[in-house]
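Now for the letters of each chain:
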Amino acid sequence: MSKKSEVFVPDMRGRLAVITGASDGIGYALATTLARAGADLVLPVRNLDKGDKALRGIRAMAPGADIRLLPLDLSSLQSVADLAQSLMSAGRPINVLINNAGVMSPPDRQTTADGFELQWGTNHLAHFALTARLLPLLSAGNARVTTQSSVSAQMNGINWDDLNFERSYSDAKAYSQSKIANLMFGLELNRRSNAAGWGITSNASHPGVTPTNLLKAQPQMGRPRDTASFRMVKAFARLGLLNRSAEEGMLPALYAATHPRAEGGKFYGPSGFLHLSGPAAEQQVYRPARDVEEAARVWEKSEELVGVQFATR
């Protein structure tokens, strides 16, 4: 990673950061960077064996780091509630929350444990519910909350007539919907925090295009081999046209979550060609996520679907 692409990270000693999806890819790169800056980490992971391997790798880069692994399956709202209860019982204020984990493009429609289309339920609803349940700790920590969106949020929209894609499934449109909702949520949380005095600064980011595991072979998602898209991303990354690594893809989220000049209510992504790679910078909010009334509608519908409302007490 070149010097011009690095992000200044302030001293994070004594601060607690919670990062979803940190067992590999961009989440792992974020966790390693924050640990090296002195942050204490909570890493909620679905696969504890994989998480333990990641923990050892992070500690090798940041000896003595205070890291806690906790189980979290984002496809289950009960698992989200269990994680939140564990953190609430510990009672430590949270200073940084990065809603980073996600799933992408199962070829056939799948559902979460609660019956939601997998991408809508995992990428958006679970992070919405987690943030709501952690609100007292986030408020106590004057937290920076960064929610990871995607370049896919430029396309399509919220499928109000069929939020769960039960009548006509499109993996790409369902993924776009979840990432538009992520972007709307990150910005709407900041508006509501300002209005209610929650003390939270919330923004959103996207990594550009990075050759991570999202599009690799994942038999449990009905994808027995690497997708053609993944092979193409790897080829263009080798040419330097896309992010070459998770360490490059993490830069916008790292900037949004930690940099002193990163603001609430803003959207950060790569500043290179077509915003697919390059140093982190503020970007225009994608058109499908600009309507404030629609963002409020997504918020209210999400509260209804997950059965959790935002309240500091």
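Refer to the preceding data block for the structure.
Now for a quick tour of the structure. (Residues numbered from 1 in each chain as written. Predicted model: local features only at pLDDT ≥ 70, side-chain atom pairs only at ≥ 80, totals over all residues. Heavy atoms only, no water.)

## Things to note about the overall build of the protein chain
Condition: Runs of H or I in DSSP of at least four residues are treated as helices and runs of E of at least two as strands, each being numbered from the N terminus. Partly exposed residues are those whose accessible area sits between 20% and 50% of the maximum for their type, while under 20% is buried and over 50% is exposed, using a 1.4 Å probe and protein chains only. Note on contacts: a residue pair is in contact if any heavy atoms of the two residues lie within 4.5 Å. Using a 1.4 Å probe, the Shrake-Rupley method yields the accessible areas, and only the shown protein chains count as cover for residues.
Looking only at helices and strands, the protein chain has 10 helices and eight strands in total. Burial analysis of the protein chain (313 residues in total) assigns 55% to the buried set. The long-range share in the protein chain, meaning contacts at least 24 apart out of those at least 6 apart in sequence, stands at 73%. For the protein chain, the accessible surface area stands at approximately 13,600 Å², while carbon and sulfur atoms represent 48% of it.

## Side note on the packing of helix α6 (residues 171-196) against helix α10 (residues 292-306)
To keep it simple, the criterion reads: Orientation is described by lines fitted to C-alpha atoms, with helices fitted over the stretch in contact, and by angles between N-to-C directions that extend from 0 to 180 degrees. An angle counts as roughly parallel when it lies under 35 degrees, as roughly antiparallel when it exceeds 145, as roughly perpendicular when it falls between 65 and 115, and as oblique in every other case. Residue polarity follows a fixed list, in which Ala, Val, Leu, Ile, Met, Phe, Trp, Tyr, Cys and Pro are nonpolar, Asp, Glu, Lys and Arg are charged, and the others, Gly among them, are polar.
One can describe the packing of α6 onto α10 by two numbers: an axis separation of 9 Å at closest approach and a directional angle of 95°. Classed by the angle they form, the pair α6 and α10 counts as roughly perpendicular. Contacts between α6 and α10 involve Ala181, Met184, Phe185, Glu188, Leu189, Arg191 and Arg192 on the former and, on the latter, Val292, Glu294, Ala295, Ala296, Val298, Trp299 and Glu300. Considering only residue class, the contact of α6 with α10 consists of nine nonpolar, no polar and five charged.

## Let's talk about the sheet that holds strand β8 (residues 280-283)
Backbone-to-backbone hydrogen bonds join strands into a sheet, with any given pair of strands oriented parallel or antiparallel. Applied cut-off: Two strands qualify as a pair provided that DSSP identifies no fewer than 2 bridges between them.
The strand order β3-β2-β1-β4-β5-β6-β7-β8 describes an open sheet built from eight strands, whose pairing is mixed. Sheet topology places β3 (67-71) and β8 at the edges, where each strand pairs with a single neighbour. Recorded for the sheet is a direction-independent mean angle of 25° between the axes of neighbouring strands. With three bridges connecting them, strand β1 (residues 16-19) and strand β4 (residues 96-99) associate as parallel partners. Bridge pairing in β4 links isoleucine 19 to isoleucine 98. Across the sheet, helix α1 (residues 25-36) touches β1, β2 (40-45), β4 and β5 (144-148), and the angle it forms with β1 is around 170°. Strands in contact with helix α2 (residues 48-61) are β2 and β3; relative to β3, the strand with the most contacts, it is inclined by about 170°.

## Examining the nonpolar core
To be explicit about the condition: For this analysis, a nonpolar core means a set of buried residues of the types Ala, Val, Leu, Ile, Met, Phe, Trp, Tyr and Cys, connected via side-chain atoms within 4.5 Å.
The biggest cluster of nonpolar side chains holds 54 residues, and the ones touching the most others in it are Leu134, Leu138, Leu183 and Phe310. The set of elements that each furnish at least two residues to this core consists of β1, α3 (77-90), α4 (118-133), α5 (135-140), α6 and α10. With sequence-adjacent residues up to four places away left out, phenylalanine 310 is seen in contact with Phe128, Thr131, Ala132, Leu135, Phe185, Leu189, Trp198, Trp299 and Glu303. Core analysis: the next-biggest nonpolar cluster, separate from the first, contains 34 residues, Ala17, Ala22, Ala29 and Ala65 among them.

## Some words on the layout of surface pockets
Put simply, the rule is: The rule is simple: put a 1 Å grid over the protein atoms alone, call a set of points where a 1.4 Å probe fits but cannot get out a cavity, call an open set with protein on both sides within 12 Å along at least five of seven lines a pocket, and count a residue as lining if it has an atom within 4 Å of a point. Grid points are joined across faces, edges and corners, and a volume is the space filled by probe spheres set on the points.
Put simply, the second largest pocket is a space of about 210 Å³. Taken together, 11 residues line the second largest pocket, and the ones lying closest to its centre are Ala29, Thr32, Thr33, Arg36 and Met250. Top element by residues in the lining of the second largest pocket is α1. It accounts for five residues. When the residues that make up the lining of the second largest pocket are grouped by side-chain class, the tally is seven nonpolar, two polar and two charged.

## Overview of the pattern of salt bridges
Using the following cut-off: A pairing counts as a salt bridge when a side-chain nitrogen of Lys or Arg comes within 4 Å of a carboxyl oxygen of Asp or Glu.
Taken as a whole, this structure holds nine salt bridges when the rule is applied. The salt bridge involving glutamate 188 is made with arginine 191; its shortest N-O contact spans 2.8 Å. Separated by three residues within a single helix, glutamate 188 and arginine 191 lie in helix α6, roughly one turn from each other. Exposure remark for arginine 191: the relative accessible area of 33% places this residue in the partly exposed category. Three or more residues joined by partner-sharing salt bridges are found here, namely Glu188, Arg191, Arg192 and Glu300.

## Let's talk about helix α9 (residues 251-258)
Most of α9 is tucked away: eight of the eight residues are buried. Turning to α9, its buried residues are Leu251, Pro252, Ala253, Leu254, Tyr255, Ala256, Ala257 and Thr258.

## Some remarks on the packing of α1 against α9
Helix-helix packing: each pair is described by the crossing angle between the helix axes and the interaxial distance. Selection rule: Crossing handedness: left-handed means the near helix sits turned counterclockwise from the far one by under a right angle, and right-handed means the same turn made clockwise.
Here α1 crosses α9 at 45°, and the two axes come no closer than 10 Å. In terms of orientation, α1 lies oblique with respect to α9. Here the hand of the crossing between α1 and α9 comes out right-handed. Mapping the contact onto sequence places Leu30, Thr33 and Leu34 in α1 and Ala253, Leu254 and Thr258 in α9. Grouping the constituent residues of the contact of α1 with α9 by class yields four nonpolar, two polar and no charged.

Purely spatial values, then, with no claim about function.
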